[in-house]
Amino acid sequence: MEPLVLSLLMWLAAHSDYNVSGLPTPQIRLLSPEAMTALYQEQVGAKAGAPQVDTRIQGYFFWGDGLPGVIYLVDPRDTPGAARYPDPSDNPLFRARLLHELVHFAQRARGAPAHFPCPTPA
């Protein structure tokens, strides 16, 4: 996964104003859709009665007290279209989700997260 993360960070640097040189590589943790929903609900303090699986939640960047932070993603094997790829992480949809979370990582690293809030599921 690290080569993919590094290549996406290089792409991000080439196509944005974010300087990613010298940044530590964030940890990537792959979760089931159920575990991703539970993590998100725990982080936002969702009330009881929330849906068991919220398929809108595909990734989450948690920076806690500092970098590098952790990127949580729904496992690429659970990403729509995964069966079409010998390596499910080659799925463009999975890569787009990873890139999205890497943008949040770069925003946090360079002090800009408050300027670009991410809409979250209700």
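See the structure printed just above.
Residues numbered from 1 in each chain as written. Predicted model: local features only at pLDDT ≥ 70, side-chain atom pairs only at ≥ 80, totals over all residues. Heavy atoms only, no water.

## Side note on the overall build of the chain
Let me state the cut-off plainly: Secondary structure elements are defined from DSSP: runs of H or I of at least 4 residues count as helices, runs of E of at least 2 residues count as strands, and each element is numbered from the N terminus. Throughout, exposure labels follow a simple rule: accessible area from a 1.4 Å probe, protein chains only, divided by the maximum for the residue type, with under 20% read as buried, over 50% as exposed, and the rest as partly exposed. Here the accessible surface of atoms and residues is derived via Shrake-Rupley with a 1.4 Å probe, and residues count as covered only by protein chains that are part of the display.
Each helix and strand counted, the chain has 3 helices and 3 strands in total. Each helix and strand of the chain, ordered N terminal to C terminal, gives the series α-β-α-β-β-α. Buried positions account for 36% of the 122 residues belonging to the chain. Of the roughly 7,200 Å² that the chain leaves accessible, carbon and sulfur atoms contribute 56%.

## Some details on the environment of Ala35
With respect to the helices, strands and loops of the structure, Ala35 is situated in helix α2 (residues 33–44). Classification of Ala35 as partly exposed rests on a relative accessible area of 31%.

## Description of the pattern of salt bridges
The criterion, for reference: For salt bridges, the criterion is a side-chain nitrogen of Lys or Arg within 4 Å of an Asp or Glu carboxyl oxygen.
Tallied over the full model, the rule gives 3 salt bridges. The residue Asp75 makes a salt bridge to Arg77 at a minimum N-O spacing of 2.7 Å. Asp75 sits in the buried class, given a relative accessible area of 8%. Judged by its relative accessible area of 62%, Arg77 is exposed.

## Remarks on the packing of aromatic side chains
Note the cut-off: Working definition: a ring pair exists when centres of Phe, Tyr or Trp rings (six-membered ring for Trp) sit within 6.5 Å. Plane angles under 30 degrees give stacked, over 60 give edge-to-face, the rest tilted.
Overall, the coordinates contain 2 aromatic pairs when judged by the stated rule. Where Tyr40 meets Tyr60, the ring centres are 6.3 Å apart and the plane angle is 80°; that geometry is what we call edge-to-face. Of this pair, Tyr40 sits in helix α2 while Tyr60 sits in strand β2 (residues 59–62), and the two are 20 residues apart along the sequence. For Tyr40, a relative accessible area of 7% translates into the label buried. Its relative accessible area of 18% is what places Tyr60 among the buried residues. Here Phe61 and Phe105 contribute two aromatic rings whose centre-to-centre distance is 5.9 Å and whose plane-to-plane angle is 85°, an arrangement assigned as edge-to-face.

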